[in-house]
Amino acid sequence: MIPHDEPEAIQLIDLRLYGAPVMYYTAKVDKIFSQNRTIFPSNDLKWRKEKRELFLIFDTGTTGMAVSKDLFDEELRISSENGFRPFRNVQIEIKTERKGTMVLKSARPLTTPLDVPWKGFNEGADLIVAGLDFMQDAKMTIDIDTMRLLWEKD
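Since the structure is predicted, the reported quantities are computational estimates derived from the model, not experimental observations.

About the criteria used
- Each residue is numbered by its place in its chain's sequence as written, counting from 1.
- Under the rules for a predicted model, residues below a pLDDT of 70 receive no local features and side-chain atom pairs below 80 are neither given nor counted, while totals for whole chains, interfaces and linings still include all residues.
- Remark: hydrogens and water are excluded; side-chain values derive from all non-hydrogen atoms of the structure.
- Each salt bridge in this description consists of a side-chain nitrogen of Lys or Arg and a carboxyl oxygen of Asp or Glu lying within 4 Å of one another.
- Secondary structure follows DSSP: runs of H or I at least 4 residues long count as helices, runs of E at least 2 residues long count as strands, and numbering of each begins at the N terminus.
- When a residue's accessible area, from a 1.4 Å probe over protein chains only, is under 20% of the maximum for its type it is buried; when over 50% it is exposed; and in between it is partly exposed.
- A score from 0 to 100, pLDDT tells how confident the predictor is in each residue.
- We call two residues in contact when some of their heavy atoms are within 4.5 Å.
- Two strands qualify as a pair provided DSSP detects at least 2 bridges between them.
- Interaxial angle, 0 to 180 degrees, is taken between N-to-C directions of lines fitted to C-alpha atoms, where a helix line uses only the stretch in contact.

A few points about the pattern of salt bridges
Counted according to the given criterion, the structure contains nine salt bridges. One salt bridge connects Lys28 with Glu53, and the closest N-O pair in it is separated by 3.3 Å. With Lys28 in strand β2 (residues 26-28) and Glu53 in strand β5 (residues 53-58), this residue pair connects regions lying 25 residues apart in the sequence. For Lys28, a relative accessible area of 39% corresponds to the partly exposed category. Put simply, Glu74 and Arg77 hold a salt bridge, and the shortest N to O gap is 2.8 Å.

Right, dumping it as structure tokens:
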């Protein structure tokens, strides 16, 4: 369905390899920002050593976003210390297969903490479940045979 030579395609990840019970439409996150401030990768050396990967599940059954509890708590702490609201003007960047960047944005996503119950997952990774707030004015095509996603802005 998605042409083999499509430069904007994104390779999907099977989170069952990380303990998920079912197959989700998931991509690896390169960067995430809130109010133009980098959340991931973190500048905190301790955090960076503990959390090596960030994954995003595309979920059309969700409106805002759910975020791993550790990442949620870290953003809440930093935001309150600096006098601003957490998870505002959120921008999520995902690398395409040809090293381009796909960007998802939401000004004020309703954000809730998420306890990921998969054994061992939380020790090395965090998870974001992004909903329709991030999918406005875009068309998403998923090629399940090749595990690829194409994100096209309208």
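What follows picks up the thread again.
A short note on the confidence of the model for the protein
Here the protein shows a mean pLDDT of 90. Residues at 70 or above account for 94%. Taken element by element, the protein is modelled with least confidence in helix α1 (residues 45-50), mean pLDDT 54, and with most confidence in β2, mean pLDDT 97.

Overview of the environment of Ala130
Mapping Ala130 onto the fold places it in strand β10 (residues 125-130). For the pair formed by Ala130 and Gln35, sequence separation is 95 residues and the distance between their alpha carbons is 17 Å. Residues in contact with Ala130, not counting those within four places in the same chain, are Leu56, Ile57, Phe58, Asp59, Gly64, Met65 and Met135.

Quick look at the pairing of strand β6 (residues 65-68)
Direction of pairing for β6 relative to strand β9 (residues 111-114): parallel, over a ladder of four bridges. Pairing of Met65 across the sheet is with Thr111, part of β9. By the bridge criterion, three bridges tie β6 to β10 in an arrangement that is antiparallel. Counted as the bridge partner of Val67 is Ile128 from β10.

Some details on the pairing of strand β12 (residues 148-153)
For strand β1 (residues 10-11) and β12, the ladder comprises two bridges, and the chain directions are antiparallel. Within β12, the residue paired with Gln11 across the bridge is Arg148. Pairing analysis gives six bridges linking strand β11 (residues 138-143) to β12, with the strands arranged antiparallel. Paired with Met140 across the strands is Trp151, a residue of β12. Here β11 hands over to β12 after four residues, with Met147 in that stretch at a positive phi of 55 degrees.

Some points on the sheet that holds strand β8 (residues 101-106)
With respect to topology, four strands assemble into an open sheet ordered β4-β3-β7-β8, the strand pairing being antiparallel. The open sheet has two edge strands, β4 (37-40) and β8, and neither has a second partner. Taken pair by pair, the neighbouring strands of this sheet meet at an average axis angle of 25 degrees, ignoring direction. Two elements, strand β7 (residues 90-95) and β8, share six bridges in a ladder whose sense is antiparallel. Residue pairing in the sheet places Ile92 in a bridge with Leu104 of β8. Packing against the sheet, helix α2 (residues 69-82) makes contact with β3 (31-34) and β4, and its axis sits at approximately 155 degrees to β4.

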